[in-house]
Amino acid sequence: MQKETYLDEFKSAEKKAFTLRDAAWIAFVILSTLYAWTQYGHMDGYEIAILIGTAISLIWLGRFWPSMQTVTVVSGLMTALALWTYHNHGNAITANETAFFLRFLVSSQSAIMWMNTLFVLATVTYFIALYNKSDFTYKTAAFMVWAASTFGLVGMFVRWRESYLINTDYGHIPVSSLYEVFILFVVMTALMYLYYEQRYKTRALGGFVMLVISAAVGFILWYTFDKEAHVIQPLVPALQSYWMKIHVPANFVGYGAFSIAAMIGIAYLITEKSLKKNPESSFAARMPSLELMDDVMYKTISLGFAFFTIATVLGAMWAAEAWGGYWSWDPKETWALIVWLNYAAWLHIRMSKGWRGAAMSWWAFIGLLITTFAFLGVNMFLSGLHSYGEL
Amino acid sequence: MTEINTQAHQENSKHTNQNQPSQKPKQTKKPNQFWNFLGSMNLAVTLLMMLSIASVIGTVLKQNQAPQDYIVQFGPFWADVFNSLGLFHVYGALWFVLVLIFLLISTSVCVTRNTPSFLKDMKQFSEKLSRTALQHQPNNTSFETTIDLEKQQNHATALLQHKGYKTRVHQRDDGSVTVAGLKGRWNRLGYLFTHISIIIICLGALLDSNLLLKYRELTGNLQAETRAVSLDEIGEKSWLDADNLSFRGSINVPEGGKTDILFLPYEDGFLVQQLPFSIENTNFRVEYYDTGMPKSFESDLVLTAPELEEPIKATIAVNYPLYYKNYAIYQSSFGDGGTKLNLKVHALKSPRINPLNLDSNINSVEPLKTPDGKFNIEFNDFKMHNIVPASDELMAQTGKKMHNNGPTIIFKVRNEQGKAWEYENYIAPSMQEGRLFYMTGVRTLNSEPFRYMFIPADENRKTERFFNFLTLLNNPNESVQIFSAQYPKNEQISDENYQLQQNLLKQLLVLFRARGYEGIKDFISTNVPAEEQEVVTKYYFEQVSFALQVIYLETLKREEVIPDHDSDISEFNKVWFDDALRAISSLSRYGPPMYFEVENFTQIQSTGLQITKSPGKDTVYFGSAMLIIGVFFLFYVRQRRVWIHIKPNSEPNAESDSVSNAEVTIAAKDNKNLPETTKEFDELVDKLKQFNNKNA
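(A) Looking closely at the overall build of chain B. Helix and strand counts for chain B stand at 17 helices and 26 strands. Whereas a compact globule of 696 residues would reach a radius of gyration of roughly 26 Å, chain B reaches 44 Å, over 25% beyond that. Along the first, second and third principal axes, the C-alpha atoms of chain B reach 160 × 60 × 55 Å. Expressed as a percentage of its 696 residues, the buried residues of chain B come to 46%. Here the analysis covers contacts within chain B between residues at least 6 apart in sequence; of these, 64% occur between residues at least 24 apart. Of the charged side chains in chain B, 70 are positive and 79 negative; the average position of the first set lies 12 Å away from that of the second.

Structure representation (structure tokens):
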């Protein structure tokens, strides 16, 4: 047979049907985008471009990772419930203390508290599952993380709306303060983890990744109750820009990915040690293979590095528009460079010299410490132009 | 990078070796040691570590502060050591820039050395590899087949193409055929883009750096100005003319003002940059949130340049700069632009009411001659709003969390010896504990917080009564006359005793005025025998209270609040008296005896502009875009090669039943070697085997 005939055979055999679900998903995203465009005007050209870009990315993401379709629709519906309830109470922000659904479920603070609780419970459940090897327990833990992420997204969307309800001048996307970005961080990290959990078909790493998320939740709770940081504050002039919508989320894809890599590194080290002591170790048997963990570390660090590069470049471009220079050796900028160089080195050593194993796992963990300093330490201990998130 | 080079080098020699065994393996020229070193990974890593450590130091040590601040922080010895290492201006230090330049050279050398082999690798299919070579690939397998060669070849080519490979077929002399597939060539582009982009970014950054300025400084043509002097006193060596390639500096322009220069911070001081245009600030506006934080601030600017027919009018705000040619003008900050002040200066020790009327403005220095010496009054700043957290009662009343205490002026009073007191005076009275006070803060060191004196406002919310009262206290003779008038000598007391009493009252008043109740206590402890101190203290305090009350009543009488000294006084007036005494007691710690009261002011704001000229910006952006694209190619495009080699058997296998026509060898290589590679390879092999078994 001719080559062309073979080609035709292959094509017809592997035809992927364009399902009803695909069409529904695309329609859902487009309709929501149109709703946002018409309802929430006052967007300048750049912000409309960001809206369209988000829609396209969301359509792609939903087709690439179908679970995101469910998360998006559920969180969208819950947000709609919240917004509708507010609307029925005259769009008064005080409704979050009186209206039932708002007070106990979907006002931004309620949703965030649900998120916090579920993440902590998930951490415990994952470790119980690791201990008793129960698939059911694992599934429960994973479900908790899905639910927590959904609540987190709802919390952020509703908070976005609430900022406008308090005062139209106050309205902003909720990624502007240390409190708000911590919510973004835990949601992003959890969702990215869930993707890898599905892709590699292993839940054993859940507890480890949830540890860093629980630590972040601990911080969120302290910050809320001790410093009342959850109160919505308006934006200072320097933050009133469309750049915030792209620079900050890109950064948190980076931070989240690096955190996952670090926790898997820890899991790797524990598993390797357990194997060295006892090659038949039952603990190691419950964990995925060292090779798999090593591969996931590489994948997450590559993803994080790619987005961190984008975020740093966007930050420089924003700085050039706001402060008159794309690079001022400001402590935050400088530490971002250090984090970037650190992971560039990690990737170089792995890709060029072919290093694997324990050393890289340690390095991934230390990378998280450097990242944490760049994320938090700079705001807490050093001064500079970036001190929006002071404690 | 050396490792990749060796790998590529080895690949090359492997290919050529196997193909033409007689030819000597291709050798590169005998490597130039110096170039090798320059392009080596070790050098790059060392330089990057130096860069990282220096950068970290720069974040921990506050950069570009005044030299005195460092001496205060580290002591003269270490401050000097750190300074000579350039640690206080790390990012502009010569050695830092040299590290960057070396990195640039190192990356360039590396890229230059590797580009040819990478480009070659991207194009070649290696279809001429022998079967033995294929069997040495990381993934390979072989099996027998009965399908004829042409069918197999067509199917193999179609299969690879369906999977996205570009194919090339090679016929050998011995009749065997290799179908070579290549996919994901752009991965190599990823390597090239990422490293070339670093070079481009560094070049752009160098273009925007102060390298040229450093060179001019080294050759003696440039000198930073470190003194705070007026523009015409600044030497020529500190001026930069308009054709300076790149700069970034700032300037404050008061409303109604104009500027055509800029200040660039440089080393320990600054340089003056001439601009080829002038900018006028016609209006500046700040808006605040109800929390007291600034909501927005913007300036209306008029840019005039010789080449422009009409001046450009534009409004700039934070995040919305004005772009003109290759200059950018940013709204960076704001401040006071010389607010006009109409002041009344009260001499606190004067026995008469005669405040001095003084008209001045912020940024001026006024000399004052007083009985206590000559002083210079430096008016530094004016703040329209002072937002503080509201007290609980106020919050309950207004429902607002923050409270505006109103405008303040900040100024320094400096005596002839150079010692200065800094003051912060609130122009309007503010409510504390239910009463209105004029707050005035004083301190002698920047690091201290202000200590406040609270001058109670009278019923008309003014300071009049306070100064009337104070003036009386400053005049002990008049005070004594007031006593005599109120409490004339009567028969029960002798002349001598009456005189003694008057003298005592006078003395106590003077003591009190000088240093408050403390002053009286000190006097007692030094002049009165210990066993009598308690009794005397009680007596003196009674007397001074009495004296002060009399003076106060007289003040009220003169104000026509009460007809005579026997009238009742209101609760407000009683409390006012206590507050006034408290204020007067603290006068000794207030510094030079002057109180500056602002009767009127006209606010003039100034806008803080940042102006930059960065020719390298577009280069850096282009390099950044290349970097991002390169990173995505590098991670998400895998370069994969597959070879399907079909070797027909020279004669049919006579012994077995099935006739085997050929042997198929499949090999695959991924330049990343991930777990996916093996999976995909196995899948491919399965498909081929399926096809072969089906059509056998």
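That was the structure; now back to the text.
(B) Highlighting the overall build of chain A. A tally of helices and strands in chain A yields 15 helices and zero strands. Its C-alpha atoms give chain A a radius of gyration of 22 Å, within 12% of the compact-globule value 21 Å for 391 residues. Projected onto the principal axes, the alpha-carbon positions of chain A cover approximately 65 × 60 × 45 Å. In chain A, which comprises 391 residues, the share counted as buried stands at 57%.

(C) Broad picture of the packing of aromatic side chains. Evaluated as defined, the whole model comprises 79 aromatic pairs over all chains. Consider the rings of tryptophan 25 of chain A and phenylalanine 28 of chain A, whose centres lie 6.3 Å apart with planes at 25°: the pair is stacked. A residue pair is termed a helical-turn pair when its members lie 3 or 4 positions apart in one helix, as tryptophan 25 of chain A and phenylalanine 28 of chain A do in helix H2 (residues 20-39) at three residues. Three or more aromatic residues joined by ring pairs form one cluster here, namely Phe182, Phe185, Phe219, Trp222, Tyr223, Phe252, Tyr255, Phe258, Phe308, Tyr343 and Phe375 of chain A. Positioned above the aromatic ring of phenylalanine 450 of chain B is the side chain of arginine 443 of chain B, whose terminal nitrogen or guanidinium carbon lies 4.1 Å from the ring centre.

(D) The nonpolar core, seen in detail. All names here are of chain A. Met115, Phe119, Val186 and Phe252 are the most contacted members of the largest nonpolar core, which has 137 residues in total. For this core, the element with the highest residue contribution is helix H9 (residues 178-200), accounting for 18 residues. Excluding its chain neighbours within four sequence positions, the residues that come into contact with phenylalanine 119 are Val145, Ala148, Ser149, Val186, Ala190, Met210, Ile213, Ser214 and Val217.

(E) Geometry of the pairing of strand E19 (residues 420-426) of chain B. All names here are of chain B. In terms of residue burial, E19 counts as a mostly covered element, since seven of its seven residues are buried. Alternating positions in E19 separate into two faces, Ala420, Glu422, Glu424 and Tyr426 on one and Trp421, Tyr423 and Asn425 on the other, with burial throughout. Summarising the sheet, strand E18 (residues 408-415) and E19 pair through seven bridges and their orientation is antiparallel. Residue threonine 408 lies in a different strand from E19, and its bridge partner there is tyrosine 426. The antiparallel pairing of E18 with E19 creates a hairpin that spans four residues between the two strands, and glycine 418 there sits at a positive phi of about 95°.

(F) Focus on the domain arrangement of chain A. Residue and element names in this part refer to chain A. In terms of domain boundaries, chain A breaks down into domain 1 (1-64) and domain 2 (80-381). Using only C-alpha atoms to locate each centre, domain 1 and domain 2 end up separated by 26 Å. In this assembly, six residues from domain 1 lie in contact with six residues from domain 2. Roughly 570 Å² of surface becomes buried between domain 1 and domain 2 when both sides are summed, with 69% attributable to carbon and sulfur atoms. Joining domain 1 to domain 2, the criterion identifies one salt bridge. Glutamate 47 is the salt-bridge partner of lysine 245, the closest N and O atoms lying 3.3 Å from each other. Across the contact surface, domain 1 and domain 2 share one residue pair in polar contact (both at pLDDT 80 or more). When grouped by side-chain class, the residues that make up the side of domain 1 that touches domain 2 number four nonpolar, no polar and two charged.

(G) Spotlight on the interface of chain B and chain A. Across the contact, 63 residues belong to chain B and 60 residues belong to chain A. Approximately 5,200 Å² of surface area, both sides summed, lies buried where chain B meets chain A, with 63% of it carried by carbon and sulfur atoms. Where chain B touches chain A, the interface holds two salt bridges. Lysine 299 of chain A is the partner of glutamate 676 of chain B in a salt bridge, and the nearest nitrogen-oxygen pair spans 2.8 Å. The tally of links from chain B across to chain A stands at 16 residue pairs in polar contact (both at pLDDT 80 or more). Split by residue class, the side of chain B that touches chain A holds 33 nonpolar, 19 polar and eleven charged.

(H) Region of interest: the sheet that holds strand E12 (residues 340-347) of chain B. All names here are of chain B. Taken in spatial order, the three strands make up an open sheet running E13-E12-E23, and their pairing is antiparallel. For this open sheet the edge positions go to strand E13 (356-361) and strand E23 (594-602), each flanked by a neighbour on one side alone. Recorded for the sheet is a direction-independent mean angle of 30° between the axes of neighbouring strands. Where E12 and E13 come together, six bridges link them in antiparallel fashion. The residue of E13 that forms the bridge with leucine 341 is serine 360.

(I) Seen up close, the pairing of strand E21 (residues 435-443) of chain B. Residue and element names in this part refer to chain B. Along E21, eight of the nine residues are buried, which leaves the element largely enclosed by surrounding structure. For E19 and E21, the ladder comprises four bridges, and the chain directions are antiparallel. Paired with glutamate 424 across the bridge in E21 is glycine 441. Hairpin connection between strand E20 (residues 430-432) and E21: a loop of two residues separates the two successive antiparallel strands, and glutamate 433 in this loop has a positive phi of roughly 55°.

What counts, and where the lines are drawn
Numbering of residues begins from 1 in every chain and follows the order in which that chain's sequence is written. Labels follow written order: the first chain is A, the first ligand is 1, and so on. With pLDDT at 70 or above as the cut-off, local features in this predicted model cover only qualifying residues; side-chain atom pairs require 80 or more to be listed or tallied, and sums for whole chains, interfaces and linings still use all residues. Based on all heavy atoms of the structure, the side-chain values leave hydrogens and waters out of the count. Strands are runs of DSSP state E lasting at least two residues, helices are runs of H or I lasting at least four, and both sets are numbered from the N terminus onward. Radius of gyration: C-alpha atoms only; globule rule: 2.2 Å multiplied by the number of residues to the exponent 0.38. Categorising residues by exposure relies on relative accessible area from a 1.4 Å probe, with only protein chains included: less than 20% of the type maximum marks a residue as buried, more than 50% marks it as exposed, and the intermediate range marks it as partly exposed. Throughout, a residue-residue contact means that at least one pair of heavy atoms, one from each residue, lies within 4.5 Å. Charge assignment in this entry is limited to Lys and Arg as positive and Asp and Glu as negative, and neither His nor the chain termini are counted. Charge placement uses NZ in Lys and CZ in Arg. For Asp and Glu, CG and CD serve respectively. Only the six-membered ring of Trp is used, alongside the rings of Phe and Tyr, when aromatic pairs are assigned; centres must lie within 6.5 Å, and planes under 30 degrees apart are stacked while those over 60 apart are edge-to-face, with the rest tilted. A positively charged side chain is recorded as over a ring if its NZ (Lys) or CZ (Arg) lies within 6 Å of the ring centre. The angle to the ring normal must also be within 35 degrees. For our purposes a nonpolar core is just a set of buried Ala, Val, Leu, Ile, Met, Phe, Trp, Tyr and Cys residues, chained together by side-chain atoms within 4.5 Å. Two strands qualify as a pair provided DSSP detects at least 2 bridges between them. For the purposes of this description, domain bounds are those given by an automatic or database domain assignment. Using a 1.4 Å probe, buried area is obtained as the accessible area two parts lose upon being combined, added over both of them. Just to be clear on terms, a salt bridge is a Lys or Arg side-chain nitrogen sitting within 4 Å of an Asp or Glu carboxyl oxygen. Contacts described as polar in this section are N or O atom pairs within 3.5 Å, which, within protein, must combine one atom able to donate a hydrogen with one able to accept it, while residues neighboring in sequence count only if both atoms come from side chains. When residues are sorted by character, Ala, Val, Leu, Ile, Met, Phe, Trp, Tyr, Cys and Pro go into the nonpolar class, Asp, Glu, Lys and Arg into the charged class, and all the rest, Gly among them, into the polar class. Helix axes use the C-alpha atoms of the stretch in contact, all axes being lines fitted to C-alpha atoms, and the angles between their N-to-C directions lie in the range 0 to 180 degrees.

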